[in-house]
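Report on the structure
Chain residues, written in single-letter form:
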Amino acid sequence: MGEDLDVVPQRAGHGGDTPGRSTRRVQMPWSEAYAAARDTGPLPGEAVAAAEATGRVLAAPVCCARPVPAFDNAAMDGFAVAGDGPWTIRGRVLAGAVPDGLTVLPGTAVEIATGALVPGGASAVLPYEDCRVSDGRVEGVRGPRDHIRRAGDDLAVGAVVVPAGRTVTATVAAAAVQAGAFTVVVHRQPAVTLLVTGDEVITSGVPGPGQVRDTFTGLVTAVTARAGGVVESGRRLPDDPAALRAALEAAAGDVIVVSGSSSAGAADHLHGLLGDAGATWLVRGVACRPGHPQALAVLPDGRFVVSLPGNPYAGLVAALTLLEPLLAGLAGRPPRPLPSAVVTGGVKLMPGGVRIVPVDQDGVLAGAGSVGLHAAAAAGALAVLPPDWVSGAPAPVLAVP
Ligand SMILES: Nc1nc2c(c(=O)[nH]1)N[C@H]1C(S)=C(S)[C@@H](COP(=O)(O)OP(=O)(O)OC[C@H]3O[C@@H](n4cnc5c(N)ncnc54)[C@H](O)[C@@H]3O)O[C@H]1N2
Ligand code: MOO
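Residues numbered from 1 in each chain as written. Chains lettered and ligands numbered in written order. Predicted model: local features only at pLDDT ≥ 70, side-chain atom pairs only at ≥ 80, totals over all residues.

**Re the pairing of strand β26 (residues 394-399)**
This is how the line gets drawn: Two strands are counted as paired when DSSP detects at least two bridges linking them. Secondary structure follows DSSP: runs of H or I at least 4 residues long count as helices, runs of E at least 2 residues long count as strands, and numbering of each begins at the N terminus.
Pairing of strand β23 (residues 340-342) with β26, which is carried by 3 bridges, proceeds in the antiparallel orientation. Residue pairing in the sheet places V342 in a bridge with P394 of β26. In this structure, strand β25 (residues 381-385) lies alongside β26, joined through 3 bridges in antiparallel fashion. Looking across to β26, one finds that L382 is bridged to L398.

Right, dumping it as structure tokens:
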């Protein structure tokens, strides 16, 4: 666990606080940091084929473009008839056929399939079950229902199929297509560039003395996907300010995630570079353990920078505290309260802040430092424990990716 250099549990650090190198950082309460990340607002909408929009959030309502049903069609297999019976059979219309010029005259019938376009003149469809057919004639008694589905019976043009703000599911996409809305307007997916810093970090092979294997690429990719974003590029960088500055300048997309370089050491350049670049802090330090050095800034051109502390468990905490809500907000997902669960066990709490601890599906805490990921991996979730938490009380819970 890192040293508590600067625990000042009060709110501060919102916009306007220009980054610069400093070892003393005011820490924002965890719930405010989470909300600040989540409330950055959605990206604009774009038109996407309904069938390809699954998982995206509607930026505009889906409106009915063609009536449902789109044309008068038979609700039953049988005979479309006009006038009183018996009726002389004059033809057959199957689904998909266009009975151009075919009119059902009084006293005549057309054999018809469910879903087939009902020819002009027909006043009802008699199901086979209600008919007798002999010598090219149909006899039967019309019931109270005409068994014709009229155009627009279910939905009229202009009606709202699904309101804005809903996530496109397979059913939403199918309903849109059924209503003739073949494209839908969804919030743009936030695009992420991941910069993995650290001379000691390697991305393949067995680490040599002083080296570690990168743990962030997979975690950030999973958290990003879960929040509705997409990692468009990832790079490993040495602890070199010029390389980090160039990578920050060149990074494409909406959000730059930087792992490591979050602290105050001689090799930690991120904060100074963000200051040089004129960035504005939305969050700079969070009153939580682990993960207190995490930060969120916005560059003058609107790109966000999320700083994940290099210690792997602390970085995971930060990815769930800042990255996931930021991306979910940018993707247009409506804010929802975090799920909460009854948590039991014993842990040293953090005065003036929250302790974030792996918790299993039965609500039992597992201990964890700021480095090892094993407890989070085995537990599957993290409990956010306020300073006054007692065993048996509920606490917000974050699912691990
Ligand atoms: N003087 C202070 N020192 C430190 C403080 C502090 O407040 N004052 N905070 C400590 C805490 S807490 C954390 S967390 C770390 C944050 O460090 P950085 O974000 O600057 O990260 P590094 O120093 O580069 O690395 C820290 C640690 O993490 C390992 N690491 C880095 N990247 C990866 C990766 N991609 N995969 C796996 N492991 C990684 C790295 O090898 C180091 O062991 O600062 C404390 N120090
Ligand atoms: O302990 Mo640090 O808090 O690893 O982020």
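Don't stop here, the text continues.
**Brief notes about the packing of helix α3 (residues 216-226) against helix α6 (residues 312-330)**
Applied cut-off: Here an angle of 0 to 180 degrees is reported between the N-to-C directions of two axes, which are lines fitted to C-alpha atoms, with helices fitted over the stretch in contact. An angle counts as roughly parallel when it lies under 35 degrees, as roughly antiparallel when it exceeds 145, as roughly perpendicular when it falls between 65 and 115, and as oblique in every other case. A crossing counts as left-handed when the near helix is turned anticlockwise from the far one by less than a right angle, and as right-handed when that turn is clockwise. We call two residues in contact when the distance between their C-beta atoms, placed using the backbone, is within 7 Å. Think of it as three bins: nonpolar holds Ala, Val, Leu, Ile, Met, Phe, Trp, Tyr, Cys and Pro, charged holds Asp, Glu, Lys and Arg, and polar takes everything else, Gly as well.
One can describe the packing of α3 onto α6 by two numbers: an axis separation of 9 Å at closest approach and a directional angle of 30°. The orientation of α3 with respect to α6, classified from their angle, is roughly parallel. Regarding α3 and α6, the two cross each other, and that crossing is right-handed. Across the interface between the two elements, F216, L219, V220, V223, T224 and R226 from α3 touch G315, L316, A319, L320, L323, E324 and L327 from α6. Of the residues contributing to the contact of α3 with α6, the split by class is 9 nonpolar, 2 polar and 2 charged.

**Notes on the domain arrangement of the protein**
Quick note on the threshold: How far each domain reaches was decided by an automatic or database domain assignment.
Domain annotation of the protein identifies domain 1 (28-43 + 189-330), domain 2 (46-65 + 161-187), domain 3 (73-149) and domain 4 (340-399). Summarising the inter-unit geometry, the C-alpha centres of domain 1 and domain 3 are found 67 Å apart.

**A word on the nonpolar core**
To be explicit about the condition: Each nonpolar core consists of buried Ala, Val, Leu, Ile, Met, Phe, Trp, Tyr and Cys residues. Their C-beta atoms, within 7 Å, join them into a set. With C-beta atoms placed from the backbone, the exposure class of a residue follows from how many other C-beta atoms lie within 10 Å of its own: 20 or more, buried; 12 or fewer, exposed; in between, partly exposed.
V257, V283, L296, V306, L326 and L382 are the most contacted members of the largest nonpolar core, which totals 88 residues. Looking at this core, the element that brings in the most residues is α6, giving 13 residues. Apart from the residues lying within four places of it in its own chain, the contact partners of L326 are A37, T40, V255, L296, F304 and V306. Counting residues in hydrophobic clusters, the runner-up holds 18 residues, among them A80, V81, A82 and I112.

**Focus: the environment of F71**
Mapped onto the fold, F71 is located in the loop between β3 (62-63) and β4 (73-74). Spatially, the C-alpha atoms of F71 and Q189 are 36 Å apart, while their sequence positions differ by 118 residues. In this structure F71 touches L117 and A151, once residues within four positions along its chain are discounted.

**As for unusual backbone geometry**
Trans is the prevailing form of peptide bonds, just as negative phi is the prevailing case for residues other than glycine. The amide bond that connects G85 to the next residue, P86, takes the cis arrangement and shows omega of -5°. Here P86 is to be found in the loop between β5 (78-81) and β6 (87-93). With an omega dihedral of -5°, the bond running from R289 to P290 counts as a cis peptide bond. Of note, D135 is a non-glycine position whose phi angle comes to about 50°, a positive value. The topology assignment puts D135 in the loop between β9 (131-134) and β10 (137-140). Positioned with a positive phi, H147 is a non-glycine residue whose angle comes to about 55°. On the secondary structure map, H147 appears in the loop between β10 and β11 (148-149). Assessed through the 20 C-beta atoms surrounding it within 10 Å, H147 is described here as buried.

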